[in-house]
Amino acid sequence: MRPSAAVLALAGCLAALGGLVGCDLEFNDGRTATLTYTEDARAAYNEAMAAFQAKDWEDARALFTELKRRFAYSRYARLADLRIADIDFELGKYPEAIAAYRAFIQEHRTDRNIEYAKYRMAKALFLDIDDTVFLPPAEERDQATTIEAHREVRTFLRQFPRSRYREDAAYMLEVVTGRLVRHELYVARYYLKEDAFEATLARIDYALKTYPGSGLDPEALVLKGETLLKMKKRDEARAVFESVIREWGGPFAVTARRFLDEMGAVRAPAKAASAPARSRPRL
């Protein structure tokens, strides 16, 4: 088999290395590369990283972009994609950073930096949740970004259970889970105020099932017991209040006990007459 032109050219270049002679390789698709291609790409990357580490974001972006143009077939071009996403992240341009990290993940599924890219995408989503004081309370706002952050953080923890980013990811999951449950309870209270009891129960049960471990279970259960009580389902309400006392304790157990005491007063009016009736707490 006759060697290809590219192989012959490579052999000639290797022979010339002793004299440090430059040499070009011509590929079938028209690409041309030198034997110093990787070294040049590395040098360009290091130059861009110097600007990046100095937080000279605009120069760093320009250098990484030029690196991608000149060395598109090197691994440093992939790293440049990641660093450009990092620049948007550092500048607080979270939607742009999210899009860039997502593109990197989709285009380089086996890259060694996938774990980092997925963590940073989840972090950008987390930071993109707007908590400014000029907006309505968090539980009243649209939760689309929070839901996406919850999904990505959970996916990250499932895929990388021993990640060095696990502690921060677990913290993010706790925060977004709590926010989503508070939103569900906010909606449930709205329905309760409107006497839409079935809708109230549906939102509470959805929160308890979908977001376990939020730490808001006793609050949700007390609200569920109150709803059942208003629906005249006294036995079910009693079971819920008793479960809060038995399994959770804390301040909501005190509230649950109050409801149980009031229910006892209704069942035994003679005893209630000897003690002042307690007003129902407002949740």
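In this text the structure is predicted, and so the values were computed from the model without any measurement. (Residues numbered from 1 in each chain as written. Predicted model: local features only at pLDDT ≥ 70, side-chain atom pairs only at ≥ 80, totals over all residues. Heavy atoms only, no water.)

A. Representation of the side chain of His 150 within the structure. Here His 150 lies in helix α7 (residues 144–159). Owing to a relative accessible area of 9%, His 150 belongs among the buried residues under this scheme. Reaching out from His 150, the side chain makes a polar contact with the side chain of Thr 177 at a distance of 3.4 Å. Not counting chain neighbours up to four residues away, the residues in contact with His 150 comprise Leu 173, Val 176, Thr 177, Leu 180 and Tyr 211. (Helix = DSSP H or I, 4+ residues; strand = E, 2+ residues; numbered from the N terminus. Buried < 20%, exposed > 50% of the residue type's maximum accessible area, 1.4 Å probe, protein only. Polar contact = N/O pair within 3.5 Å; in protein donor to acceptor, adjacent residues only side chain to side chain. Contact = heavy atoms within 4.5 Å.)

B. Spatial organisation of the pattern of salt bridges. Summed over all chains, the structure comprises 13 salt bridges. The salt bridge involving Arg 83 is made with Asp 86; its shortest N-O contact spans 2.9 Å. One end of the pair, Arg 83, and the other, Asp 86, are both in helix α4 (residues 75–90), 3 residues apart, so they sit about a helical turn from each other. Ionic pairing is found between Glu 148 and Arg 102, a salt bridge with its closest N-O pair at 2.7 Å. Here Arg 102 lies in helix α5 (residues 94–107) and Glu 148 lies in helix α7, a separation of 46 residues in the sequence. (Salt bridge = Lys/Arg side-chain N within 4 Å of Asp/Glu carboxyl O.)

C. Spotlight on the side chain of Thr 200. Take Thr 200: it is sitting in helix α9 (residues 197–210). A relative accessible area of 0% means that Thr 200 is categorised as buried. Ignoring any residue separated from it by four or fewer positions in sequence, one finds Thr 200 in contact with Ala 188, Tyr 191, Leu 192 and Thr 227.

D. Inspection of the packing of aromatic side chains at higher detail. In this structure the tally under the stated criterion is 14 aromatic pairs. Centre to centre, the rings of Phe 89 and Tyr 94 are 5.7 Å apart; their planes meet at 75°, and the pair counts as edge-to-face. Across this residue pair, the class does not change: Phe 89 and Tyr 94 are buried. An aromatic cluster of at least three residues, connected via ring pairs, comprises Tyr 45, Phe 52, Trp 57, Phe 64 and Tyr 76. Between the NZ or CZ atom of Arg 120 and the centre of the ring of Phe 89, over which it lies, the distance is 3.8 Å. (Phe/Tyr/Trp six-rings, centres within 6.5 Å; stacked < 30°, edge-to-face > 60°. Lys NZ or Arg CZ within 6 Å of the ring centre and 35° of its normal.)

E. Just the nonpolar core, in detail. Membership of the largest hydrophobic core comes to 28 residues, with the highest contact counts inside it found for Tyr 101 and Phe 156. Elements with a contribution of two residues or more to this core: α4, α5, α6 (114–127), α7 and α8 (166–193). Counting residues per element, this core draws most heavily on α6, at 9 residues. For Tyr 101, the contacting residues outside a window of four places in its chain are Leu 82, Ala 85, Asp 86, Phe 89, Ala 117, Arg 120 and Met 121. Membership of the second largest hydrophobic core comes to 27 residues, among which are Val 181, Leu 192, Ala 237 and Phe 259. (Core = buried A, V, L, I, M, F, W, Y, C linked by side-chain atoms within 4.5 Å.)

F. Focus on the environment of Phe 241. Residue placement: Phe 241 occurs in helix α11 (residues 234–247). Note on Phe 241: relative accessible area 0%, which makes it buried. Along the sequence, Phe 241 and Val 254 sit 13 residues apart, while their C-alpha atoms lie 9.8 Å from each other.

Purely geometric stuff here, so don't read any function into it on its own.
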